[in-house]
Amino acid sequence: MINNKTHKRWMKYAYLEALKAYEKNEIPVGAVVIYKNNIIGKGHNLIETLNDATAHAEMIAITVASESLESWRLENCSLYVTLEPCIMCTGALINSRIKKVIYGLSNEKAGACDSLYHLGEDSRLNHNFEILSGIMETEIRELMNNFFKKMRDDLKNNFRS
């Protein structure tokens, strides 16, 4: 069984990815895929950078992990992500056969693991995964709040110019 210290260790890597997104003026979401106690995939939001609505942190981390394993099946892997995955990302996690998803902050507007839907645990689907939430929630919430405050301030400053 993995303890909270281990979860926090891996979430810190996802958080570092979220900081990369923040620096690029992307919504600060980061993700890492863990296999046999190693990071085999990581990613951060690149939606604005790539002009690609599918360039979510989870999607990028899944792609890198699949390339690393030379398989689309991530059956013995866990994904750590700073924000609860959306419907698209949760669908990709189901399709990749991920074993466990650990996220930091709930996503009340788009979350598909707990907030709006419970897709990862829906027995009608062909695959389910374990879900754990709340790891580093305070730090992640602060990062998100800072990002959106900065965006609002930038908008106000641009409006005044």
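Note that this is a predicted model, so its numbers are computed, not measured.

## Let's talk about the layout of surface pockets
Roughly 500 Å³ of volume is contained in the largest pocket. What lines the largest pocket is a set of 20 residues, among which I27, L83, N107, M144 and F148 lie closest to the centre. The element contributing the most residues to the lining of the largest pocket is helix α5 (residues 137-160), with 4 residues. Per-class residue counts for the lining of the largest pocket are 10 nonpolar, 5 polar and 5 charged.

## Some remarks on the sheet that holds strand β2 (residues 38-44)
The 5 strands are arranged β2-β1-β3-β4-β5 in an open sheet whose pairing can be described as mixed. This sheet does not close on itself; its edge strands, each paired only once, are β2 and β5 (130-133). Adjacent strand axes in the sheet meet at a mean angle of 15° when their direction is disregarded.

## Concerning the packing of helix α3 (residues 57-69) against helix α4 (residues 87-95)
At a minimum axis distance of 9 Å, the contact between α3 and α4 shows a crossing angle of 20°. Comparing their axes, α4 and α3 come out roughly parallel. When you trace α3 past α4, the crossing you get is left-handed. Residues E58, M59 and I62 of α3 form the contact with α4, whose participating residues are M88, C89, A92 and L93. Looking at the contact of α3 with α4 residue by residue, the class counts come to 6 nonpolar, no polar and 1 charged.

## As for the nonpolar core
Core analysis: the biggest nonpolar cluster contains 37 residues, and M11, V33, L79, Y80, L93, I98 and F129 have the highest contact counts within it. Every element with two or more residues in this core is listed here: α1 (4-23), β1 (30-35), α3, β3 (77-83), α4, β4 (100-105) and α5. M11 has contacts with Y80, V81, T82, I102, Y103, G104, I135, M136 and I140, leaving out every residue within four places of it along the chain.

## Here we look at the pattern of salt bridges
One pass over the full model with this rule turns up 5 salt bridges. When the shortest N-O distance is used, the salt bridge between R141 and E137 registers 3.3 Å. Note that R141 and E137 are positioned in helix α5 at a spacing of 4 residues, about one turn of the helix.

## Focus on the packing of aromatic side chains
The full count for this structure, using the stated rule, is 3 aromatic pairs. When the ring of W10 is compared with that of Y13, the centres are 5.8 Å apart and the planes differ by 35°; the resulting orientation is tilted. Of the two residues, W10 and Y13 are both situated in helix α1; the distance of 3 residues between them amounts to about one turn of the helix. For W10, a relative accessible area of 4% corresponds to the buried category. Judged by centre distance (5.9 Å) and plane angle (65°), the rings of Y22 and F147 are edge-to-face. Within this pair, whereas Y22 is found in helix α1, its partner F147 is found in helix α5, the two being separated by 125 residues in sequence.

Rules used throughout
Residues numbered from 1 in each chain as written. Predicted model: local features only at pLDDT ≥ 70, side-chain atom pairs only at ≥ 80, totals over all residues. Heavy atoms only, no water. 1 Å grid on protein atoms, 1.4 Å probe; cavity = no way out; pocket = protein on both sides within 12 Å on 5 of 7 lines; lining within 4 Å. Points joined across faces, edges and corners; volume = space filled by probe spheres on them. Helix = DSSP H or I, 4+ residues; strand = E, 2+ residues; numbered from the N terminus. Nonpolar A, V, L, I, M, F, W, Y, C, P; charged D, E, K, R; others polar. Pairing = 2+ DSSP bridges. Axes fitted to C-alpha atoms, helices over the stretch in contact; angles between N-to-C directions. Parallel < 35°, antiparallel > 145°, perpendicular 65-115°, else oblique. Left-handed = near helix turned anticlockwise from the far one by under 90°. Contact = heavy atoms within 4.5 Å. Core = buried A, V, L, I, M, F, W, Y, C linked by side-chain atoms within 4.5 Å. Buried < 20%, exposed > 50% of the residue type's maximum accessible area, 1.4 Å probe, protein only. Salt bridge = Lys/Arg side-chain N within 4 Å of Asp/Glu carboxyl O. Phe/Tyr/Trp six-rings, centres within 6.5 Å; stacked < 30°, edge-to-face > 60°.

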